[in-house]
Each structure stands twice: as C-alpha cells, then as structure tokens.
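# Overview (structure and organization)
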Amino acid sequence: MTTMPWQPEEAGPNLVVHADNSTFLPTLPDGSFTMIYVDPPFNTGRVQSRQQTTMVHNADGDGDRTGFGGRSYDTIKGALHSYDDAFTDYWSFLEPRLLQAWRLLAEDGTLYLHLDYREVHYAKVMLDSIFGRECFLNEIIWAYDYGARAKNRWPTKHDNILVYVKNPKKYHFDNAEVDREPYMAPGLVTAEKRERGKLPTDVWWHTIVSPTGKEKTGYPTQKPEGLLRRAVSASSREGDWVLDFFAGSGTLGAVAAKLGRRFICVDQNSQAIQVMTSRLGHVATVVALETA
Ligand SMILES: C[S@@+](CC[C@H](N)C(=O)[O-])C[C@H]1O[C@@H](n2cnc3c(N)ncnc32)[C@H](O)[C@@H]1O
C-alpha cells in the first residue's frame, strides 16, 4: 500500500481518491478534518434471525473490550447481534470506519452521518458508544416529498442525519453562515424579520435532486447540494479540510469548493470516480490508492 502524500497543514490539492475507505482512511493523520459527512449505503434486505444470547456475547471471541475514551461497547453490540443478523454485518462494516472518522476529526470537528429510518436508531447507539453521549449534537430530519405513497402506513419521506462533535466544549458551529428560511406565518412577524427569514431548525425541508435539473449527475444516490451547504457552512470555516469517504457523485466536494473549503472525497466505485472526475476535476486531483 502506498501512503498518500498528504498532510492537512499543506495547502495541497483537494483530492478525489479511488479506494476502499477502510484501506485509505488509516493513511491519514489524526485530527485532520473539521467536518466529515458520510452517506453510507443503507442496510437494505434485512433478515430477522435471532441467535442464542450466549453465542452473542462471544461473537468477537474476545469478550468485552474498551473503546475510545475507555468506553466499553461490546455489550451493546452483543445485544444488537442477537436481534438482527443483517445488522451484524452492517455493524461490522460501519463500525471500523466510524472509529476512523472519530480519529480523523479535529478537536473542533463534527461528523454528519446520513442514514435512513431503518438504521438510524442502531447507529445512534453505536455513535453514543464511539463518541460518548455528551457528544451528540442533533438528529437532523431531511424531509422531502417525492415518489409513491404507501397506503398501509404513513409514507416515509425523510432521511436522518446524526450529528456528533468530537469535543462538546470546542466544536465549531456558526449559524450566522447558514441560509435562512421563509417564516411559515409571515403575517405574524415584522417586515424586517420577514425579509431576513428564520434560522432553520433540525427539520430540513428540501427537494431531492431534480431528475431534470442542472445539479443532476446521473449517479443514483446523489444528494442535493442544498443539504450539504447548510452542514458545511455551519460546521467548518473557509480554508478548513472536510472529508466524505462514501462520496458517490462528490456532492460534499462540490459544495466545499464553492464555499472555499478544502476536501477529500473517497469512493471505491469506478463509476463514482468517473462522475467526480467530471464534476470536480477542475478543482481536485484524482488519485487511485495502489495496494500491494
Ligand atoms: C449512498 S452513496 C453516496 C452518495 C453521495 N452522498 C452523493 O451525494 O452522491 C454511497 C457510496 O459509498 C460507496 N462505497 C461503499 N462502500 C465503500 C467503501 N468500502 N469504500 C469507499 N466507498 C464505498 C459506494 O460506491 C457509493 O458511491
């Protein structure tokens, strides 16, 4: 494996990296990023299959172990293992990468983990264990209104974004930089307030990427720039480094470039790299991580 020639303090180029993130992330220095946004593939196709609790607690073969900050989290993992086999796989996939995210965040850094309603509650437990409950900042609901509506339950039209900070006493958050929204009842506020708009809450109404709009790249899971713009604006400053290691079409990179942040976008899929090369090639160097 080659080590990336990259140090965060260098005014080096933004990077689009073709690599499995589990191989690439360990090559980056601790505390390099002010903001990390990740939108991993969802754990679909869940199979419910209960196991014996005794098997569960020995699932790793090494019993409880201590995580960052002296926290023990195998017990919680064990409980989840017993509940859902498919989640065990998903957990094994996600957990080491989220541990890397924790390591890579600067003291004033923030993680945005984008999931859907099927995963978010498990992931909350996982992130509480990795970061500590005191580091939980928000659960953002991205509400949209698109596609068919289920008739046998409330149609699910939202995603969930868990927000955790590395250090609750030092994290960067600047709501003055965030775009504002129209008041729902504009007649009830002064003209000055109406003009200025209101600060967004933790529920973000935003359309999906329009199938006919100019933002569309053709990458199937592309997220709208408007969502990422809010997160990047609030949780980083100009010149800071931001990271997306499930980058897909490179939405984080596109937003970061427009807002004067520096970025690394990682994806293992060659189609994603093609899309990012055409979307970000003018502002980033595209590299492939060689493996031995
Ligand atoms: C939901 S998509 C991200 C979409 C992105 N937020 C956007 O706006 O386009 C998830 C991405 O994770 C990538 N991925 C999955 N496993 C990976 C891994 N182990 N290393 C790097 N990328 C991975 C997939 O190729 C996919 O592009």
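See the structure printed just above.
Since the structure is predicted, the reported quantities are computational estimates derived from the model, not experimental observations.

Turning our eyes to something else, we now look at the overall build of the protein chain. A tally of helices and strands in the protein chain yields 9 helices and 9 strands. Burial statistics for the protein chain: of 292 residues in total, 35% are counted as buried. Across the protein chain, contacts joining residues at least 24 apart in sequence account for 71% of those joining residues at least 6 apart.

What follows is about the sheet that holds strand S3 (residues 105–115). Read across the open sheet, the 9 strands follow the order S6-S4-S5-S3-S2-S7-S8-S1-S9; overall the sheet is mixed. Of all the strands in the sheet, just strand S6 (203–205) and strand S9 (284–288) have a single pairing partner and so form its edges. Ignoring which end each strand starts from, the neighbouring axes of this sheet average 15 degrees apart. By the bridge criterion, 6 bridges tie S3 to strand S5 (residues 158–165) in an arrangement that is antiparallel. Paired with Tyr 112 across the two strands is Val 163, which belongs to S5. Contacts between helix H7 (residues 225–235) and the sheet are confined to strand S2 (33–38), S3, strand S4 (136–143), S6 and strand S7 (241–244), with S2 contributing the most and set at about 160 degrees to the helix. Where helix H8 (residues 251–258) meets the sheet, its contacts fall on strand S1 (14–18), S2, S7, strand S8 (262–267) and S9, and the angle it forms with S8 comes to roughly 170 degrees.

This next bit is on the site of the ligand. Around the ligand, a shell composed of 19 residues is seen, among which Phe 246, Gly 248, Ser 249, Thr 251 and Asn 269 lie nearest. Contributions of two or more residues to the shell around the ligand are made by helix H1 (21–24) and S8. Across the shell around the ligand, the residue classes tally to 6 nonpolar, 9 polar and 4 charged.

A word on helix H5 (residues 120–131). Between its first and last C-alpha, H5 extends 15 Å over 12 residues, near the 16 Å set by a 1.5 Å rise per residue. Of all the positions in H5, only Tyr 122, Ala 123, Met 126, Leu 127, Ser 129, Ile 130 and Phe 131 are classed as buried.

Thresholds applied
Here the residue numbers are simple positions, counted from 1 along each chain's written sequence. Reporting in this predicted model follows two pLDDT cut-offs: at least 70 for local features of residues, and 80 or more for side-chain atom pairs to be given and counted; totals over whole chains, interfaces and linings ignore these cut-offs and use all residues. Starting at the N terminus, helices and strands are each numbered in turn, a helix being any DSSP run of H or I of at least four residues and a strand any DSSP run of E of at least two. With C-beta atoms placed from the backbone, the exposure class of a residue follows from how many other C-beta atoms lie within 10 Å of its own: 20 or more, buried; 12 or fewer, exposed; in between, partly exposed. By the convention adopted here, residues are in contact when the distance between their C-beta atoms, placed from the backbone, does not exceed 7 Å. Two strands are counted as paired when DSSP detects at least two bridges linking them. Here, axes are lines fitted to C-alpha atoms. For helices the fit covers the stretch in contact, and angles between N-to-C directions go from 0 to 180 degrees. In this analysis a residue is considered near a molecule or strand if the C-beta atom, reconstructed from its backbone, is found within 6 Å of that molecule or strand. Note on residue classes: Ala, Val, Leu, Ile, Met, Phe, Trp, Tyr, Cys and Pro are nonpolar, Asp, Glu, Lys and Arg are charged, and everything else, Gly too, is polar. Here the expected span of a helix is defined as 1.5 Å times the quantity of residues minus one.

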